[in-house]
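Tertiary structure, described
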Amino acid sequence: MARNVYGLDLGSYEIKVYDKKKDTIWKEKDVIALRNEKEIFAVGDEAFSMYEKAPSNIEVVFPMKEGVISRFHDMQFLLQNLLKKDRQFARGSEYVVAVPTDVTEVEKKAFFDLVIHSTAKAKEVNIVERSIADAIGLNLDVQNTRGVFIVNFGGETTELSVIAGGGMVMNRLLKVGGATFDQSVINLVRHSHDFLIGRHTAEVLRKSFGIFTNEVEAMLTVAGRDLITGVPMRKGISINLVRLAMKDPLFQCVSAIQSLLDRTPPEVRKAINENGIFLTGGVAHTAGLEMYVEEMVGITTRTSVEPDICAVSGLKKIIESKELRKFAFSMIDENYRWMR
Ligand SMILES: Nc1ncnc2c1ncn2[C@@H]1O[C@H](COP(=O)(O)OP(=O)(O)OP(=O)(O)O)[C@@H](O)[C@H]1O
Ligand SMILES: [Mg+2]
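Quick caveat: nothing in here was measured; it's all calculated off a predicted structure.

Criteria and thresholds
- Residues numbered from 1 in each chain as written.
- Chains lettered and ligands numbered in written order.
- Predicted model: local features only at pLDDT ≥ 70, side-chain atom pairs only at ≥ 80, totals over all residues.
- Pairing = 2+ DSSP bridges.
- Helix = DSSP H or I, 4+ residues; strand = E, 2+ residues; numbered from the N terminus.
- Axes fitted to C-alpha atoms, helices over the stretch in contact; angles between N-to-C directions.
- Parallel < 35°, antiparallel > 145°, perpendicular 65-115°, else oblique.
- Contact = placed C-beta atoms within 7 Å.
- Nonpolar A, V, L, I, M, F, W, Y, C, P; charged D, E, K, R; others polar.
- Core = buried A, V, L, I, M, F, W, Y, C linked by C-beta atoms within 7 Å.
- Buried ≥ 20, exposed ≤ 12 C-beta atoms within 10 Å, placed from the backbone.
- Domains from an automatic or database assignment.
- Near = placed C-beta within 6 Å.
- Arc of directions from axis to C-beta.

Bringing the sheet that holds strand S17 (residues 277–280) into the picture now. Whether parallel or antiparallel, the strands of a sheet pair through hydrogen bonds between backbone atoms. The strand order across the open sheet built from five strands is S13-S12-S11-S17-S18, with neighbouring strands paired in mixed fashion. Unpaired on one side and paired on the other, strand S13 (167–174) and strand S18 (301–303) mark the two borders of the sheet. Direction aside, the axes of adjacent strands within the sheet are offset by 20° on average. Pairing analysis gives seven bridges linking strand S12 (residues 158–164) to S13, with the strands arranged antiparallel. Along S13, the bridge assignment pairs Thr 158 with Leu 174.

Below is the structure:
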């Protein structure tokens, strides 16, 4: 039986997997539920459904933190379980893993170790810079472009990349993502209404309102707890309040885009002005985000069709194409350029 090949984009919020044999891309929450601190109770979407609802002896944890692996063994267990669960789990497979660029060598190596040292008994593990995978997922000509700017708005990070001539020219990983927006919404709702909402509710508010559209009257009634009486109840939260909460973290993102552009070599900068900025990552689904970035930065901005699975679709293309294979590196290869 031929070996299978998996493409993995391990996000802080969701794991995205490409399975070559089945020719499918699927995703599942990057979450694990532990009972009595050690016993694994549930994984993935099932564990996520217990978030903020579980009894006190069940702890729901996210093994990735701000784009890197923070609980190695939990992450390894989760991945093994997800790949096994009603999907065939072939030993001796090959893995192509997307890895953020602007993290330490030790953090990068952990992505490699995660798979190579698991019971998966991987035959081969290669890594791809995640923004390169994003660019390929966007159908950009990575090898020949004179300059493109990619922003991946993820669950806990926003990654900014300038790519030209087949390589990364500049890259920055901001620790601002969907979770930052959610926390900001929670804080503002608490301060202005003495009302405590959960992270999931904040996410629902943020997703349904979007930013930078003409709508100003909308209101959504959500469940929470009144902090004065202590009683659980429902309250209406206005679109304006949610947008106000998004303002600061969003501004941090566009300021970082602007400052990376300012440091980009002039000829690459010129090409970016012509080619534009591309948005990927789950938060890029936000209505109005594209327009907001375009207005603030002054460069044409477009969003990937399926932004959350853009990087993993790039991995799929890398796995399928001999020509694109060169963008995947082995960390034990002497040509591994980050180690040099
Ligand atoms: N329709 C939507 N509108 C707004 N935000 C959305 C939508 N769908 C998903 N998101 C947000 O996208 C985020 C997850 O995106 P993504 O899967 O790219 O993150 P990740 O890869 O897990 O995280 P990271 O790359 O930061 O490690 C979550 O914060 C989620 O709330
Ligand atoms: Mg991601």
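Moving on to the packing of helix H5 (residues 178–193) against helix H6 (residues 199–209). When two helices pack together, their arrangement is captured by the angle between the axes and the distance separating the axes. The geometry of H5 relative to H6 is characterised by a closest axis approach of 8 Å and an angle of 100° between their N-to-C directions. It follows from the interaxial angle that H5 and H6 lie roughly perpendicular. Here Gly 178, Phe 181, Asp 182, Val 185 and Ile 186 of H5 lie close against H6, whose contacting residues are Arg 199, Ala 202, Glu 203, Leu 205 and Arg 206. The residue makeup of the contact of H5 with H6, split by class, is five nonpolar, one polar and four charged.

Moving on: the nonpolar core. Grouped together as the largest cluster of nonpolar side chains are 87 residues, with contacts concentrated most on Val 96, Val 97, Val 128, Leu 315 and Ile 318. The biggest single contributor to this core is helix H7 (residues 239–262), with seven residues. Three or more residues apiece are contributed to this core by two domains, here domain 1 (5–133 + 310–327) and domain 2 (143–303). The residues contacting Leu 315, other than those within four sequence positions of it, are Gly 7, Asp 9, Tyr 18, Val 96, Ala 98, Val 128 and Ala 133.

It is worth spelling out the site of ligand 1 at this point. Lining the immediate environment of ligand 1, one finds 19 residues, of which Gly 11, Tyr 13, Gly 154, Gly 178 and Gly 282 sit closest. Across the shell around ligand 1, the residue classes break down as two nonpolar, twelve polar and five charged. Taken domain by domain, the makeup of the shell around ligand 1 includes at least three residues from each of domain 1 (5–133 + 310–327) and domain 2 (143–303).

The antiparallel open sheet is built from three strands, whose spatial order is S14-S15-S16. Both outer strands of the open sheet, strand S14 (195–196) and strand S16 (232–238), are each paired with one neighbouring strand and no more. Bridge analysis of S14 against strand S15 (residues 219–226) gives two bridges, and the strand direction is antiparallel. Paired with Leu 196 across the two strands is Arg 225, which belongs to S15.

For the rest of this paragraph, the subject is helix H9 (residues 289–297). Regarding H9, the residues found buried are Leu 289, Tyr 292 and Val 293. In an axial view of H9, the angular spread of the buried residues amounts to 95°, which keeps them on one side of the axis. Those residues of H9 hidden inside the fold are in contact with H7, S17 and S18. Immediately beyond the C-terminal end of H9, within one or two residues, lies Gly 298, with a positive phi of roughly 80°.

Moving on to unusual backbone geometry. Backbone phi values are negative for most residues with the exception of glycine, while trans is the configuration of most peptide bonds. Unlike most non-glycine residues, Asn 36 shows phi in positive territory, near 50°. Within the element layout of this structure, Asn 36 appears in the loop between strand S4 (32–35) and strand S5 (39–43). Despite not being glycine, Asn 139 has its phi angle at roughly 65°, a positive value. Note that Asn 139 resides in the loop between helix H4 (130–137) and strand S11 (148–153). With 13 C-beta atoms counted inside 10 Å, the residue Asn 139 sits in the partly exposed group.

Counting buried residues along strand S10 (residues 124–129), five of its six residues qualify, which places the element largely inside the surrounding structure. Bridging between strand S9 (residues 94–99) and S10 involves six bridges; their strand directions are parallel. Note that in S10 the partner of Ala 98 across the bridge is Val 128.

This part is about the domain arrangement of the protein chain. Splitting the protein chain by domain gives domain 1 (5–133 + 310–327) and domain 2 (143–303). Domain 1 and domain 2 are separated by 24 Å when their C-alpha centres are compared. Contributing elements (two or more residues each) for the side of domain 1 that touches domain 2: H4 and helix H10 (310–320). Top contributing element to the side of domain 1 that touches domain 2 by residue count: H4, with three residues.

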